[in-house]
Structures are given as C-alpha cells and as structure tokens.
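The lines below spell out each chain.
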Amino acid sequence: MGHRIEKRDKQQGRHMAWHNLTEIVTDLDLDNNVLRRGWDIEEVPLITADGKGTPFKILVGSDDKEVIGKPFANTYKPISNEVFLEMIKEATRDINGIKVESVGSVCNRGRVFVSLSLKDTKNFKVGYREFEEFLNFGNAHDQSSVLWVNNTNTCTVCNNTFSYNLAVDDSPIDARIHHKGDVEFKLTNMAEIIDAHLSSQALFKAEFERLMNIDIKVDDARSLFTGWSIRNDQEKELTSRGLNKVNRLTELFVKGAGNMGKNRADAFSAVTDFYTHESTRGGGANVGSQFVSSEFGLGRAAKQNFWDVIRNDNDVADYIKSGSKALAALS
C-alpha cells in the first residue's frame, strides 16, 4: 500500500487519515508522541564475521534493536528523533497557537515526520471559504531523503504525503539539510522559516481577496471551464463526458461551498472542489484513489494550472473565447 505504514510504524493524529490507520491522540504535542516516548535511533558499529571492525555503522531502534535503513560511513550524520523534535520545538517556541496535527514514521521507521498547524492558519477563512495549511517537517533514517521543512495544504500522514511534501518545489518555505557536517548548527535558522510561512499565507489571502473582487458572469464561467478543459487541443470538440464536467464545474461555481457564482474566486473554488472530491472514476467514490489524484496526480496538476490561469487576465479571456466557440459547436 502507498501508505507504507509497516508493523514497526505508527501514525498518530488528531483526526483519522485517509488510510484509516491513525492512532487518535487528542493531546498530541512535541513531547507527547510516538517519536518522543516510543523509540529513537541508536548507532551500532558493523563488524565482520571474524570480529574485525569496519568503517561503517547501522541504525537500530532503541526499543527493539531491529535494523533501520542501511549501513553508513562516518561522513553521514544521522539526526535522532530527539534532535528532530527539539529542533521543531526551538523553531516554534515563540509562536502562540502551535498544534501538532500528525506525527509518526513510515517505511519500517525509515522516515519520520511531524505536521503542525498554526493559530489562524489551519482552517483560516478568506471571504466565505475555509482553507487548510500545514507546516511539514520530515527526516529520514534510511538515507532516502534530507531533513526538510515546507508548508503545503497537505498534512503528512503516510509515505505518499511524505513523498509529495518532499518533492514540492513551489512552496514559499523550502529548507533542506543534508545529513553531514555540523547538522545541529544548520538547524538553528528554522525560526526564520516559520516567519516565511506566515508571510506566504498573507500573500495568498491577499491574492484570493483580489480574485473575489473580479466579477465573472455564469455564462462566461461556463465558457472559461470549457476552454480550459480542452486547453491541450483548442480545435478538439467537447465530448459528452467533457460537457458533464463543465456542467458540474458550473454548478459548483454557483452552489459550491462558500460560492455565490459571482467572481473568479468562486471559479477557482469550483475547480478545487471538483479535483479534490469528484474527479476520479465513480465521482470520487474511492476515497484513496481520489486522495492520491488530488494531492499527487492529475488533480493536483489541474488545480495548480487553474490557479495560474484564473489570475491571468489574458488567459481568462482566451479560454472564455475558445470555450464559447466549443459550446456553440454543440448547438
């Protein structure tokens, strides 16, 4: 399974994740979690069968002494769970309203993670709409990734979400620390990352509020959705399936959560709702498949593409024009 939560792994959170394997912990924090109280890593020297030493070590769990990851040389610097958690605590100690949303390990303890929400950033509102955003921290004991920090709308709860957040390259916050040299010193600038997180969110709010003040008529929104749906081939005729999608997007534009069918923000929210909840086969009936598409696959790409389009006057005008032409060809 994509979640890669193996027998030695555990994901704790305040809410059940899509994989239904979450251990609910209502008082979850940086001191009360499985990485702090359950286990940590220990370095064990590797020796040959006849007892001779080697220049390599390997990590084991402090609780079960079972192997984690693969051998490493002295040039590699492991980052323990304790150091990882203390780094996060130090980076966020002056900020009120910090809440740990998810913490745990995947890949047989090869990867560990923490996702936080900050006061006024999780479920924050712009107009009538509610958004979620998370500050994500990840580390690898199996040498599969650097230590990283970023902010996305995806809470890390499994290997899929770990990999997604690790791969994000357009986050306003993007810090990556390699496991070598003076790692602890490099971790001390994380407080600046939190400030960047808050600043980036303020920019998003301002941009979304700007879209709320740009009106668009329902017919133009329908044409926009049509032109955008056939964007890869403007000469292509709209199929019956494509028309159904356009009609659903138009319905969400008018009646979707927080929407009133009046402005570009409503259009963006319609696309977001559709590709988050309904875009896969069966109208999103398979929650796992829909989640993967929304956060890692075609759904995510579509949402990002439309966000770029809806903010560009020329793109909006061009898609309304091509969409109107395609709809006229159906009548």
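Our structure's up above, just so we're on the same page.
This text gives an overview of the structure that appears in the document. (Residues numbered from 1 in each chain as written. Predicted model: local features only at pLDDT ≥ 70, side-chain atom pairs only at ≥ 80, totals over all residues. Heavy atoms only, no water.)

## Concerning the pairing of strand E10 (residues 134–140)
In step 1: In terms of burial, E10 is a largely internal element, seven of the seven residues being buried.
In step 2: Neither face of E10 is open: one carries Phe-134, Asn-136, Gly-138 and Ala-140, the other Leu-135, Phe-137 and Asn-139, and all of them are buried.
In step 3: Pairing analysis gives six bridges linking strand E7 (residues 111–117) to E10, with the strands arranged antiparallel. Across the sheet, residue Leu-116 finds its bridge partner in E10, namely Leu-135.
In step 4: For E10 and strand E11 (residues 147–152), the ladder comprises five bridges, and the chain directions are antiparallel. By the bridge assignment, Phe-137 is partnered in E11 with Val-149.
In step 5: Joining the antiparallel neighbours E10 and E11 is a turn of six residues, in which Gln-143 adopts a positive phi near 70 degrees. (Buried < 20%, exposed > 50% of the residue type's maximum accessible area, 1.4 Å probe, protein only. Helix = DSSP H or I, 4+ residues; strand = E, 2+ residues; numbered from the N terminus. Pairing = 2+ DSSP bridges.)

## Some points on the nonpolar core
In step 1: Counting residues in each nonpolar core, the largest one holds 27 residues, and the members touching the most others are Leu-35, Phe-84, Ile-88, Val-114 and Phe-137.
In step 2: Top element by residues in this core is helix H2 (residues 81–92). It accounts for four residues.
In step 3: In terms of nonpolar packing, the next biggest core, distinct from the first, is built from 26 residues, Ile-216, Trp-228, Leu-249 and Trp-307 among them. (Core = buried A, V, L, I, M, F, W, Y, C linked by side-chain atoms within 4.5 Å.)

## Description of the sheet that holds strand E5 (residues 67–72)
In step 1: As summarised here, the arrangement of the three strands in space is E3-E4-E5, forming an open sheet in which the pairing is antiparallel. At either end of the open sheet lies a strand with only one pairing partner, and these are strand E3 (41–47) and E5. Each strand of the sheet is rotated relative to its neighbour by a mean of 25 degrees, with strand direction disregarded.
In step 2: Note: strand E4 (residues 53–61) against E5, three bridges, orientation antiparallel. In the strand pairing of E5, Lys-57 is matched with Phe-72. (Axes fitted to C-alpha atoms, helices over the stretch in contact; angles between N-to-C directions.)

## Let's talk about the environment of Trp-148
In step 1: Of note, Trp-148 is situated in strand E11.
In step 2: Note on Trp-148: relative accessible area 1%, which makes it buried.
In step 3: Excluding residues that lie within four positions of it along the chain, Trp-148 makes contacts with Asn-136, Phe-137, Gly-138, Asn-139, Thr-156, Phe-162, Asn-165, Leu-166, Ala-175 and Arg-176. (Contact = heavy atoms within 4.5 Å.)

## Topic: the environment of Leu-147
In step 1: The residue Leu-147 is located in strand E11 in this model.
In step 2: For the pair Leu-147 and Ile-177, spaced 30 residues apart in sequence, the C-alpha to C-alpha distance is 5.1 Å.

## Points about the pattern of salt bridges
In step 1: Following the criterion strictly, the structure yields 17 salt bridges and no others.
In step 2: Between Glu-86 and Arg-36 there is a salt bridge; the shortest N-O distance is 2.9 Å. Placement of the pair is Glu-86 in helix H2 and Arg-36 in helix H1 (residues 34–37), with a sequence separation of 50 residues.
In step 3: You can call Arg-36 partly exposed: its relative accessible area is 25%. (Salt bridge = Lys/Arg side-chain N within 4 Å of Asp/Glu carboxyl O.)

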